[in-house]
Amino acid sequence: MMEYNIAVIKGDGIGPEVVDAAIEVLNEIGKKYKHNFKYEEVLAGGVAYDVYNNPLPEETLEICRNSDAVILGAVGGPKWDDLPGDKRPEAALLGLRKGLGLYANLRPAILFEALSDACPLKPEIIGEGLDICVVRELTGGIYFGDRGYKETEMGMAAYDIMIYSKQEIERIAKVAFNMAQKRSKILTSVDKANILESSRLWRKTVEEVAKDYPDVTLNHMYVDNAAMQLVRYPQQFDVIVTENMFGDILSDEASMITGSIGMLPSASLGENNKGMYEPVHGSAPDIAGQGKANPIATIMSIAMMLKYSFNLSEESENIEFAVKKALDEGHRTLDIVSKGDNALGTKEMTQVILKNI
Ligand code: NAD
Ligand code: IPM
Ligand code: MN
(Lines give C-alpha, C1' and ligand atoms only; values in the text may rest on other atoms or scores of the structure.)
(Ligands and ions follow the chains in the order given, each with its own letter.)
Protein backbone atom coordinates (compact mmCIF):
# COMPACT_ATOMS: atom_id res chain seq x y z
CA MET A 1 0.00 0.00 0.00
CA MET A 2 1.45 3.35 -1.03
CA GLU A 3 1.60 5.99 1.69
CA TYR A 4 1.15 9.68 0.97
CA ASN A 5 1.83 12.36 3.57
CA ILE A 6 -0.39 15.37 3.15
CA ALA A 7 -0.26 18.61 5.14
CA VAL A 8 -3.73 20.01 5.65
CA ILE A 9 -4.38 23.70 6.22
CA LYS A 10 -8.07 24.33 6.72
CA GLY A 11 -7.73 28.06 7.29
CA ASP A 12 -10.57 30.47 7.88
CA GLY A 13 -14.23 31.03 6.97
CA ILE A 14 -15.51 28.25 4.71
CA GLY A 15 -11.99 26.77 4.53
CA PRO A 16 -12.63 24.02 7.12
CA GLU A 17 -16.03 23.19 5.57
CA VAL A 18 -14.69 22.62 2.05
CA VAL A 19 -11.49 20.88 3.19
CA ASP A 20 -13.48 18.42 5.35
CA ALA A 21 -15.61 17.65 2.29
CA ALA A 22 -12.59 17.10 0.06
CA ILE A 23 -10.90 14.83 2.59
CA GLU A 24 -13.99 12.64 2.77
CA VAL A 25 -13.75 12.21 -0.98
CA LEU A 26 -10.02 11.50 -0.79
CA ASN A 27 -10.58 8.87 1.91
CA GLU A 28 -13.11 7.16 -0.33
CA ILE A 29 -10.52 7.09 -3.13
CA GLY A 30 -8.01 5.68 -0.64
CA LYS A 31 -10.41 2.88 0.29
CA LYS A 32 -11.27 2.05 -3.29
CA TYR A 33 -7.72 2.05 -4.67
CA LYS A 34 -5.95 0.97 -1.47
CA HIS A 35 -3.81 4.03 -0.86
CA ASN A 36 -2.90 5.25 2.56
CA PHE A 37 -3.44 9.02 2.69
CA LYS A 38 -1.99 10.35 5.93
CA TYR A 39 -2.91 13.83 7.07
CA GLU A 40 -1.15 16.27 9.30
CA GLU A 41 -3.26 19.28 10.15
CA VAL A 42 -1.36 22.52 10.60
CA LEU A 43 -2.45 26.10 11.22
CA ALA A 44 -2.08 29.04 8.86
CA GLY A 45 -4.06 32.21 8.27
CA GLY A 46 -6.28 34.01 10.77
CA VAL A 47 -6.62 30.95 13.02
CA ALA A 48 -2.82 30.75 13.29
CA TYR A 49 -2.57 34.46 14.04
CA ASP A 50 -5.09 34.03 16.86
CA VAL A 51 -3.00 31.27 18.46
CA TYR A 52 0.59 32.25 17.62
CA ASN A 53 0.35 35.95 16.75
CA ASN A 54 1.79 34.80 13.39
CA PRO A 55 -0.28 33.80 10.34
CA LEU A 56 2.43 31.38 9.16
CA PRO A 57 4.26 29.72 12.05
CA GLU A 58 7.65 28.27 11.08
CA GLU A 59 6.44 24.82 12.16
CA THR A 60 3.62 24.96 9.60
CA LEU A 61 6.01 25.79 6.79
CA GLU A 62 8.40 23.07 7.90
CA ILE A 63 5.69 20.40 7.99
CA CYS A 64 4.48 21.50 4.55
CA ARG A 65 8.06 21.28 3.24
CA ASN A 66 8.34 17.74 4.54
CA SER A 67 5.05 16.46 3.14
CA ASP A 68 4.27 15.10 -0.31
CA ALA A 69 1.56 17.70 -0.92
CA VAL A 70 -0.42 20.44 0.83
CA ILE A 71 -4.18 20.95 0.81
CA LEU A 72 -5.37 24.43 1.72
CA GLY A 73 -8.92 25.72 2.21
CA ALA A 74 -8.85 29.50 2.34
CA VAL A 75 -7.53 32.21 4.61
CA GLY A 76 -8.66 35.68 5.62
CA GLY A 77 -11.71 37.45 6.90
CA PRO A 78 -12.97 40.76 8.29
CA LYS A 79 -11.72 39.91 11.79
CA TRP A 80 -8.12 40.33 10.62
CA ASP A 81 -8.54 43.08 8.00
CA ASP A 82 -7.02 45.84 10.13
CA LEU A 83 -3.79 44.02 10.97
CA PRO A 84 -0.53 45.18 9.40
CA GLY A 85 0.29 43.45 6.09
CA ASP A 86 2.76 40.94 7.51
CA LYS A 87 0.32 39.77 10.19
CA ARG A 88 -2.68 39.38 7.90
CA PRO A 89 -3.89 35.85 7.08
CA GLU A 90 -3.20 36.45 3.38
CA ALA A 91 0.50 36.86 4.18
CA ALA A 92 0.51 33.16 5.10
CA LEU A 93 -0.53 32.27 1.59
CA LEU A 94 2.30 34.29 0.08
CA GLY A 95 4.76 32.81 2.58
CA LEU A 96 3.69 29.28 1.70
CA ARG A 97 3.92 29.90 -2.04
CA LYS A 98 7.34 31.51 -1.79
CA GLY A 99 8.61 29.19 0.95
CA LEU A 100 7.68 26.09 -1.02
CA GLY A 101 8.90 27.54 -4.34
CA LEU A 102 5.50 27.18 -5.99
CA TYR A 103 5.85 29.55 -8.92
CA ALA A 104 3.35 27.96 -11.30
CA ASN A 105 -0.32 28.22 -10.48
CA LEU A 106 -2.64 26.23 -12.75
CA ARG A 107 -6.25 27.33 -12.71
CA PRO A 108 -8.41 25.30 -15.07
CA ALA A 109 -11.79 26.84 -15.89
CA ILE A 110 -14.01 24.13 -17.29
CA LEU A 111 -17.70 24.62 -17.93
CA PHE A 112 -19.49 21.34 -17.27
CA GLU A 113 -22.26 20.78 -19.81
CA ALA A 114 -24.84 20.39 -17.04
CA LEU A 115 -23.95 23.86 -15.76
CA SER A 116 -24.46 25.83 -18.95
CA ASP A 117 -27.51 27.36 -17.22
CA ALA A 118 -25.33 28.68 -14.41
CA CYS A 119 -22.99 30.39 -16.87
CA PRO A 120 -24.05 34.03 -17.29
CA LEU A 121 -23.03 34.09 -20.97
CA LYS A 122 -25.52 33.43 -23.78
CA PRO A 123 -25.56 29.87 -25.18
CA GLU A 124 -24.27 31.09 -28.56
CA ILE A 125 -21.20 32.57 -26.85
CA ILE A 126 -20.49 29.43 -24.84
CA GLY A 127 -20.84 27.24 -27.94
CA GLU A 128 -19.52 23.73 -27.39
CA GLY A 129 -18.50 24.46 -23.81
CA LEU A 130 -15.42 25.91 -22.32
CA ASP A 131 -12.05 24.59 -21.23
CA ILE A 132 -9.45 27.25 -20.45
CA CYS A 133 -6.42 26.98 -18.24
CA VAL A 134 -4.94 30.08 -16.68
CA VAL A 135 -1.25 29.61 -15.89
CA ARG A 136 -0.55 32.26 -13.30
CA GLU A 137 2.96 33.21 -12.20
CA LEU A 138 2.77 32.91 -8.42
CA THR A 139 5.95 34.00 -6.66
CA GLY A 140 6.88 37.24 -8.39
CA GLY A 141 5.49 40.54 -9.61
CA ILE A 142 3.70 43.13 -7.53
CA TYR A 143 2.86 40.57 -4.83
CA PHE A 144 6.51 40.23 -3.88
CA GLY A 145 8.11 43.50 -4.96
CA ASP A 146 9.19 46.14 -2.50
CA ARG A 147 6.27 47.99 -0.88
CA GLY A 148 5.94 50.73 1.64
CA TYR A 149 5.27 54.38 2.30
CA LYS A 150 7.21 57.45 1.31
CA GLU A 151 6.92 61.20 1.33
CA THR A 152 6.10 62.73 -2.07
CA GLU A 153 5.27 66.27 -3.25
CA MET A 154 1.61 65.20 -2.91
CA GLY A 155 2.24 64.19 0.72
CA MET A 156 2.56 60.69 2.14
CA ALA A 157 2.17 57.94 -0.49
CA ALA A 158 2.09 54.15 -0.57
CA TYR A 159 3.78 52.05 -3.23
CA ASP A 160 3.99 48.45 -4.44
CA ILE A 161 6.61 47.55 -7.00
CA MET A 162 6.00 45.14 -9.84
CA ILE A 163 9.26 43.42 -10.64
CA TYR A 164 10.11 40.39 -12.79
CA SER A 165 13.41 38.78 -13.63
CA LYS A 166 13.95 37.14 -17.00
CA GLN A 167 14.48 33.82 -15.25
CA GLU A 168 11.12 34.03 -13.48
CA ILE A 169 9.40 34.72 -16.78
CA GLU A 170 11.24 31.94 -18.61
CA ARG A 171 10.30 29.22 -16.16
CA ILE A 172 6.60 30.08 -16.09
CA ALA A 173 6.54 30.44 -19.89
CA LYS A 174 7.97 26.93 -20.20
CA VAL A 175 5.24 25.53 -17.97
CA ALA A 176 2.62 27.20 -20.17
CA PHE A 177 4.19 26.11 -23.47
CA ASN A 178 4.49 22.51 -22.22
CA MET A 179 0.85 22.57 -21.27
CA ALA A 180 -0.21 24.13 -24.58
CA GLN A 181 1.69 21.38 -26.42
CA LYS A 182 -0.44 18.77 -24.68
CA ARG A 183 -3.66 20.66 -25.40
CA SER A 184 -4.74 22.63 -28.47
CA LYS A 185 -1.30 24.21 -29.09
CA ILE A 186 -2.59 27.76 -28.68
CA LEU A 187 -1.05 29.96 -26.00
CA THR A 188 -2.15 33.50 -25.14
CA SER A 189 0.31 35.53 -23.13
CA VAL A 190 -1.39 38.40 -21.32
CA ASP A 191 0.51 41.52 -20.32
CA LYS A 192 0.40 45.31 -20.29
CA ALA A 193 3.41 45.82 -22.52
CA ASN A 194 2.06 49.14 -23.82
CA ILE A 195 2.74 50.62 -20.38
CA LEU A 196 4.77 48.44 -18.07
CA GLU A 197 8.49 47.80 -18.41
CA SER A 198 8.08 44.46 -16.60
CA SER A 199 5.51 43.50 -19.24
CA ARG A 200 7.89 44.43 -22.08
CA LEU A 201 10.47 42.08 -20.59
CA TRP A 202 7.70 39.52 -20.15
CA ARG A 203 6.70 39.71 -23.82
CA LYS A 204 10.27 39.62 -25.12
CA THR A 205 11.14 36.64 -22.91
CA VAL A 206 8.01 34.69 -23.82
CA GLU A 207 8.90 35.28 -27.51
CA GLU A 208 12.35 33.82 -26.90
CA VAL A 209 10.99 30.75 -25.12
CA ALA A 210 8.53 30.30 -28.01
CA LYS A 211 11.44 29.44 -30.32
CA ASP A 212 11.70 26.07 -28.54
CA TYR A 213 8.03 25.37 -29.17
CA PRO A 214 7.51 25.88 -32.92
CA ASP A 215 4.32 23.78 -32.86
CA VAL A 216 2.58 26.18 -30.45
CA THR A 217 0.88 29.31 -31.77
CA LEU A 218 1.65 32.21 -29.45
CA ASN A 219 -0.58 35.27 -29.22
CA HIS A 220 -0.01 38.33 -27.07
CA MET A 221 -2.88 40.28 -25.61
CA TYR A 222 -3.12 43.31 -23.35
CA VAL A 223 -4.79 42.52 -20.05
CA ASP A 224 -7.63 45.01 -20.47
CA ASN A 225 -8.52 43.50 -23.82
CA ALA A 226 -8.19 39.98 -22.39
CA ALA A 227 -10.69 40.81 -19.64
CA MET A 228 -13.12 41.92 -22.34
CA GLN A 229 -12.40 39.02 -24.75
CA LEU A 230 -13.03 36.47 -21.98
CA VAL A 231 -16.71 37.38 -21.94
CA ARG A 232 -17.00 38.35 -25.61
CA TYR A 233 -15.53 35.21 -27.15
CA PRO A 234 -14.02 32.84 -24.57
CA GLN A 235 -13.67 30.06 -27.18
CA GLN A 236 -10.58 31.78 -28.58
CA PHE A 237 -8.60 30.90 -25.44
CA ASP A 238 -7.01 27.63 -24.48
CA VAL A 239 -3.96 28.23 -22.27
CA ILE A 240 -3.44 31.73 -20.88
CA VAL A 241 -0.12 32.61 -19.27
CA THR A 242 0.22 35.77 -17.26
CA GLU A 243 1.87 37.47 -14.33
CA ASN A 244 0.74 37.15 -10.74
CA MET A 245 -1.87 39.88 -10.31
CA PHE A 246 -3.33 39.72 -13.83
CA GLY A 247 -3.72 35.96 -13.31
CA ASP A 248 -5.48 36.50 -10.00
CA ILE A 249 -8.03 38.80 -11.58
CA LEU A 250 -8.54 36.95 -14.86
CA SER A 251 -9.00 33.59 -13.13
CA ASP A 252 -11.83 34.96 -10.99
CA GLU A 253 -13.40 36.30 -14.18
CA ALA A 254 -12.94 32.95 -15.93
CA SER A 255 -14.44 31.15 -12.92
CA MET A 256 -17.75 32.88 -13.40
CA ILE A 257 -17.96 31.51 -16.93
CA THR A 258 -17.95 28.03 -15.35
CA GLY A 259 -20.97 29.00 -13.26
CA SER A 260 -19.35 30.03 -10.00
CA ILE A 261 -16.10 30.77 -8.22
CA GLY A 262 -17.10 27.73 -6.14
CA MET A 263 -16.18 25.51 -9.11
CA LEU A 264 -12.56 26.53 -9.75
CA PRO A 265 -9.70 24.37 -8.44
CA SER A 266 -6.01 25.13 -8.52
CA ALA A 267 -2.61 23.52 -8.31
CA SER A 268 0.50 25.44 -7.31
CA LEU A 269 3.66 23.73 -8.47
CA GLY A 270 7.41 24.21 -8.41
CA GLU A 271 10.43 22.29 -9.65
CA ASN A 272 9.52 18.93 -8.12
CA ASN A 273 6.13 17.27 -7.96
CA LYS A 274 5.31 18.57 -4.50
CA GLY A 275 2.43 20.98 -4.76
CA MET A 276 -0.18 22.96 -2.90
CA TYR A 277 -3.80 22.43 -3.86
CA GLU A 278 -6.51 24.93 -3.06
CA PRO A 279 -9.74 26.30 -4.43
CA VAL A 280 -9.43 29.64 -6.25
CA HIS A 281 -12.11 31.18 -4.05
CA GLY A 282 -11.57 32.78 -0.66
CA SER A 283 -12.95 32.24 2.82
CA ALA A 284 -16.40 33.59 1.83
CA PRO A 285 -17.18 35.26 5.18
CA ASP A 286 -20.74 35.97 4.01
CA ILE A 287 -21.65 32.26 4.03
CA ALA A 288 -19.07 30.86 6.48
CA GLY A 289 -20.33 28.50 9.15
CA GLN A 290 -23.66 27.99 7.39
CA GLY A 291 -22.87 24.73 5.61
CA LYS A 292 -23.77 26.26 2.24
CA ALA A 293 -20.41 26.45 0.49
CA ASN A 294 -19.83 24.62 -2.76
CA PRO A 295 -17.13 22.00 -2.06
CA ILE A 296 -16.48 21.20 -5.74
CA ALA A 297 -13.52 23.60 -6.21
CA THR A 298 -11.70 21.92 -3.32
CA ILE A 299 -12.71 18.41 -4.37
CA MET A 300 -11.43 19.12 -7.90
CA SER A 301 -8.21 20.50 -6.36
CA ILE A 302 -7.77 17.06 -4.75
CA ALA A 303 -8.18 15.53 -8.20
CA MET A 304 -5.36 17.81 -9.39
CA MET A 305 -3.22 16.68 -6.44
CA LEU A 306 -3.69 13.02 -7.36
CA LYS A 307 -2.67 13.79 -10.93
CA TYR A 308 0.21 16.22 -10.48
CA SER A 309 1.80 15.21 -7.18
CA PHE A 310 1.02 11.49 -6.96
CA ASN A 311 0.74 10.53 -10.62
CA LEU A 312 -2.56 8.75 -9.93
CA SER A 313 -4.47 9.56 -13.12
CA GLU A 314 -7.19 6.97 -12.79
CA GLU A 315 -8.00 8.06 -9.25
CA SER A 316 -8.00 11.70 -10.37
CA GLU A 317 -10.36 10.95 -13.24
CA ASN A 318 -12.62 9.05 -10.88
CA ILE A 319 -13.14 12.25 -8.87
CA GLU A 320 -13.79 14.28 -12.01
CA PHE A 321 -16.30 11.67 -13.12
CA ALA A 322 -18.03 11.65 -9.71
CA VAL A 323 -18.41 15.44 -9.78
CA LYS A 324 -19.65 15.46 -13.35
CA LYS A 325 -22.20 12.75 -12.57
CA ALA A 326 -23.51 14.63 -9.53
CA LEU A 327 -24.02 17.71 -11.70
CA ASP A 328 -25.57 15.66 -14.52
CA GLU A 329 -28.02 14.25 -11.98
CA GLY A 330 -29.08 17.83 -11.26
CA HIS A 331 -27.51 18.31 -7.84
CA ARG A 332 -26.63 21.92 -7.11
CA THR A 333 -25.26 24.02 -4.28
CA LEU A 334 -26.53 27.53 -3.61
CA ASP A 335 -24.08 29.25 -5.97
CA ILE A 336 -25.00 27.19 -9.05
CA VAL A 337 -28.69 26.54 -8.47
CA SER A 338 -31.34 27.76 -10.92
CA LYS A 339 -34.05 29.99 -9.51
CA GLY A 340 -36.73 28.09 -7.62
CA ASP A 341 -34.76 24.84 -7.32
CA ASN A 342 -33.57 23.37 -4.05
CA ALA A 343 -29.93 23.86 -3.18
CA LEU A 344 -27.89 21.22 -1.40
CA GLY A 345 -25.59 22.10 1.46
CA THR A 346 -21.86 21.34 1.51
CA LYS A 347 -22.32 17.99 3.25
CA GLU A 348 -25.21 16.84 1.06
CA MET A 349 -23.31 17.67 -2.13
CA THR A 350 -20.29 15.80 -0.78
CA GLN A 351 -22.42 12.72 -0.06
CA VAL A 352 -23.77 12.74 -3.61
CA ILE A 353 -20.24 12.92 -5.02
CA LEU A 354 -19.02 10.19 -2.64
CA LYS A 355 -21.68 7.82 -3.92
CA ASN A 356 -20.32 8.26 -7.44
CA ILE A 357 -16.74 7.30 -6.55
P1 NAD B 1 -14.43 35.03 -1.79
O2 NAD B 1 -14.00 34.15 -2.90
O3 NAD B 1 -14.20 34.56 -0.42
O4 NAD B 1 -15.99 35.32 -1.95
C5 NAD B 1 -16.55 36.02 -3.05
C6 NAD B 1 -18.02 35.61 -3.21
O7 NAD B 1 -18.09 34.28 -3.71
C8 NAD B 1 -18.80 35.61 -1.90
O9 NAD B 1 -20.11 36.06 -2.14
C10 NAD B 1 -18.81 34.16 -1.49
O11 NAD B 1 -19.91 33.78 -0.71
C12 NAD B 1 -18.80 33.43 -2.85
N13 NAD B 1 -18.13 32.15 -2.75
C14 NAD B 1 -16.79 31.95 -2.64
N15 NAD B 1 -16.54 30.63 -2.54
C16 NAD B 1 -17.71 29.99 -2.58
C17 NAD B 1 -18.10 28.62 -2.51
N18 NAD B 1 -17.20 27.64 -2.39
N19 NAD B 1 -19.41 28.32 -2.58
C20 NAD B 1 -20.32 29.30 -2.73
N21 NAD B 1 -20.03 30.60 -2.80
C22 NAD B 1 -18.74 30.96 -2.73
O23 NAD B 1 -13.73 36.44 -2.03
P24 NAD B 1 -13.74 37.78 -1.12
O25 NAD B 1 -15.07 37.98 -0.53
O26 NAD B 1 -13.17 38.82 -1.98
O27 NAD B 1 -12.68 37.48 0.03
C28 NAD B 1 -13.03 37.02 1.33
C29 NAD B 1 -11.76 36.72 2.12
O30 NAD B 1 -11.06 35.61 1.52
C31 NAD B 1 -10.74 37.86 2.12
O32 NAD B 1 -10.17 37.92 3.39
C33 NAD B 1 -9.72 37.49 1.08
O34 NAD B 1 -8.47 38.05 1.29
C35 NAD B 1 -9.70 35.99 1.25
N36 NAD B 1 -9.29 35.23 0.06
C37 NAD B 1 -8.53 34.13 0.30
C38 NAD B 1 -8.17 33.30 -0.75
C39 NAD B 1 -7.37 32.09 -0.45
O40 NAD B 1 -7.19 31.74 0.69
N41 NAD B 1 -6.87 31.39 -1.45
C42 NAD B 1 -8.62 33.60 -2.04
C43 NAD B 1 -9.40 34.73 -2.25
C44 NAD B 1 -9.74 35.54 -1.19
C1 IPM C 1 -6.00 33.86 -4.59
C2 IPM C 1 -6.21 34.94 -3.56
C3 IPM C 1 -4.86 35.39 -3.03
C4 IPM C 1 -4.08 36.00 -4.19
C5 IPM C 1 -4.89 36.38 -1.85
C6 IPM C 1 -5.81 35.96 -0.76
C7 IPM C 1 -3.51 36.58 -1.33
O8 IPM C 1 -6.93 35.98 -4.09
O9 IPM C 1 -5.39 32.83 -4.28
O10 IPM C 1 -6.48 34.02 -5.72
O11 IPM C 1 -4.31 37.17 -4.54
O12 IPM C 1 -3.25 35.30 -4.74
MN1 MN D 1 -7.78 35.57 -6.04
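For the structure, check the block above.
These numbers come from a predicted model, not from an experiment.

Chemist: Before we move on, could you go through the site of ligand 1 and cite the residues and values that matter?
Modeler: Looking at ligand 1, there are 21 residues lining it, with V75, E90, G282, A284 and D286 nearest. S283 is positioned such that a nitrogen or oxygen atom in its backbone is 3.1 Å from an oxygen atom of ligand 1. Within the contact set of ligand 1, an oxygen atom lies 2.8 Å away from a backbone nitrogen or oxygen of A284. When isolated, ligand 1 has an accessible area of 800 Å², and the protein chains bury 70% of it. A class-by-class count of the residues in the shell around ligand 1 yields ten nonpolar, seven polar and four charged.

Chemist: Explain the pairing of strand β5 (residues 130-137) to me, and be specific about the residues and the numbers.
Modeler: Burial within β5 is extensive, with seven of its eight residues counted as buried. As paired elements, strand β4 (residues 104-111) and β5 share eight bridges and run antiparallel to each other. By the bridge assignment for β5, N105 is matched with R136. With four bridges connecting them, β5 and strand β10 (residues 239-242) associate as parallel partners. The residue bridging V134 from the neighbouring strand is I240, located in β10.

Chemist: So what's going on with the side chain of D191? Which residues, and what values?
Modeler: Within the fold, D191 resides in strand β8 (residues 186-191). There is a polar contact of 2.9 Å between the side chain of D191 and the side chain of R203.

Chemist: I'd like a rundown of helix α3 (residues 58-65), residues and numbers included.
Modeler: Within α3 the residues assigned to the buried category are T60, L61, I63 and C64. Angularly, the buried residues of α3 cover 165° about the axis, an arc narrow enough to put them on a single face. Along α3, the residues that are exposed and aim more than 90 degrees away from the buried face are E58 and E59.

Chemist: Can you tell me about the nonpolar core, naming the residues and giving the values?
Modeler: Membership of the largest hydrophobic core comes to 81 residues, with the highest contact counts inside it found for F177 and I319. Top contributing element to this core by residue count: helix α10 (residues 296-308), with eight residues. Residues within four places of I319 in sequence aside, it is in contact with V25, I29, I299, I302, A303, L306 and I357. If you look at the next biggest cluster of nonpolar residues, it comprises 16 residues, including A7, L56, L72 and L102.

Chemist: Describe the site of ligand 2, listing the residues and the values that go with them.
Modeler: As a structural note, the neighbourhood of ligand 2 is formed by E90, L93, R97, R107, R136, Y143, D248 and V280. Between an oxygen atom of ligand 2 and a side-chain N or O atom of R136, the distance comes to 2.7 Å. At 2.5 Å from an oxygen atom of ligand 2 is found a side-chain nitrogen or oxygen belonging to Y143. The protein chains hide 78% of the 320 Å² of surface that ligand 2 would expose on its own. For the shell around ligand 2, the element with the highest residue contribution is helix α4 (residues 89-99), accounting for three residues. Taken together, the residues of the shell around ligand 2 break down into three nonpolar, no polar and five charged.

Analysis parameters
- Residues numbered from 1 in each chain as written.
- Chains lettered and ligands numbered in written order.
- Predicted model: local features only at pLDDT ≥ 70, side-chain atom pairs only at ≥ 80, totals over all residues.
- Heavy atoms only, no water.
- Near = heavy atom within 4 Å.
- Polar contact = N/O pair within 3.5 Å; in protein donor to acceptor, adjacent residues only side chain to side chain.
- Areas by Shrake-Rupley, 256 points an atom, 1.4 Å probe, with all protein chains shown as cover.
- Nonpolar A, V, L, I, M, F, W, Y, C, P; charged D, E, K, R; others polar.
- Buried < 20%, exposed > 50% of the residue type's maximum accessible area, 1.4 Å probe, protein only.
- Helix = DSSP H or I, 4+ residues; strand = E, 2+ residues; numbered from the N terminus.
- Pairing = 2+ DSSP bridges.
- Arc of directions from axis to C-beta.
- Core = buried A, V, L, I, M, F, W, Y, C linked by side-chain atoms within 4.5 Å.
- Contact = heavy atoms within 4.5 Å.

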